[in-house]
Amino acid sequence: MTDLMCVRYQRSVRVGSKHYEVFERMHYVCFHYEFEHGDADVDEECGAGGCPSASLTGGRDRVIATAKELAIEAASGAPWRNSEAHEYLEAFAAWLSDSGGYYANRGRVAAGNGWDVVNDALKAATTYE
Ligand SMILES: [Zn+2]
Ligand SMILES: [Zn+2]
């Protein structure tokens, strides 16, 4: 099979080959920086969802903030479906393994960085079955 080539950065597109045409014959990351990232510095997160640069900057802070909020909720007896630690952790693992479907159902590209996925998983695990 001939390699698909990224038109922005002459390297083959393998992982994203299914979305090659959708992303204007580029890697998703290349498409993002070419069309979505705007004037933001490439080392800085832009406003578009799934920005790969979020892993360098705000992602960790969001996860910390979410974990702290959830700890307060849990301590105050919020009516989570998964209020026991083992239920919560099982749901956290299950949600992560199904997360591709979650983003696809919402017409979203899978989050561009792990921090965003973990942030969504922390919240979803409170109620996910
Ligand atoms: Zn590329
Ligand atoms: Zn961006």
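Higher on the page you've got the structure.
All of these numbers come straight from a predicted model, not from anything done at the bench.

How each quantity is defined
- Residues numbered from 1 in each chain as written.
- Chains lettered and ligands numbered in written order.
- Predicted model: local features only at pLDDT ≥ 70, side-chain atom pairs only at ≥ 80, totals over all residues.
- Heavy atoms only, no water.
- Helix = DSSP H or I, 4+ residues; strand = E, 2+ residues; numbered from the N terminus.
- Expected span 1.5 Å × (residues − 1).
- Buried < 20%, exposed > 50% of the residue type's maximum accessible area, 1.4 Å probe, protein only.
- Arc of directions from axis to C-beta.
- Phe/Tyr/Trp six-rings, centres within 6.5 Å; stacked < 30°, edge-to-face > 60°.
- Donors = N, O, S within 2.8 Å, 3.2 Å for Na, K, Ca; no water.
- Polar contact = N/O pair within 3.5 Å; in protein donor to acceptor, adjacent residues only side chain to side chain.
- Contact = heavy atoms within 4.5 Å.

(A) Quick peek at helix α3 (residues 85-97). Helix length check: α3 (13 residues) gives 18 Å between terminal C-alpha atoms against 18 Å at 1.5 Å per residue, within 8%. Inspection of α3 places Tyr88, Ala91, Phe92 and Trp95 among the buried residues, and these make up the whole buried set. Buried residues in α3, looked at end-on, bunch into an arc of 105 degrees, giving them a common side. Turned more than 90 degrees away from the buried face of α3 sit Leu89, Glu90 and Ser97, all of them exposed.

(B) Focus on the packing of aromatic side chains. The final tally for this structure, using the stated rule, is five aromatic pairs. For the pair Phe23 and Phe31, a centre-to-centre distance of 5.1 Å together with 50 degrees between the ring planes defines the contact as tilted. Just as Phe23 is buried, Phe31 falls in that class too. Judged by centre distance (5.9 Å) and plane angle (25 degrees), the ring pair of Trp80 and Tyr88 falls under stacked. An aromatic cluster is defined as three or more aromatic residues linked by ring pairs; in this entry it consists of Phe23, Tyr28, Phe31 and Phe35.

(C) Summary view of the coordination of the zinc ion (ligand 2). Around the zinc ion (ligand 2), the protein contributes the donor atoms His32 (NE2), His37 (ND1), Cys46 (SG) and Cys51 (SG), which lie 1.9 to 2.3 Å from the metal centre. Considered as a linear motif, the donors of the zinc ion (ligand 2) on their single chain read H-x4-H-x8-C-x4-C. Given a relative accessible area of 4%, His37 falls into the buried group.

(D) Quick peek at the coordination of the zinc ion (ligand 1). Here the zinc ion (ligand 1) is held by the protein donor atoms Cys6 (SG), His27 (ND1) and Cys30 (SG), which lie 1.8 to 2.2 Å from it. Spacing between the donor residues of the zinc ion (ligand 1) along the chain follows C-x20-H-x2-C. In this pair, Cys6 is assigned in the loop between β1 (4-5) and β2 (12-13) and His27 in the loop between β2 and α1 (28-36), connecting sequence segments 21 residues apart. Look at Cys6 and you get buried, because its relative accessible area is 0%. The exposure class of His27 is partly exposed, given its relative accessible area of 21%.

(E) Geometry of unusual backbone geometry. With phi around 55 degrees, Glu24 is a residue other than glycine that occupies positive phi space. Mapped onto the fold, Glu24 is located in the loop between β2 and α1.

(F) Representation of the side chain of His37 within the structure. Position of His37 among the secondary structure elements: in the loop between α1 and α2 (58-75). Within the structure, the side chain of His37 is placed 2.8 Å from the backbone oxygen of Asp41, a separation counted as a polar contact. The contacts of His37, once residues within four sequence positions are left out, are His32, Val42, Glu44, Glu45, Cys46, Cys51 and Ser53.

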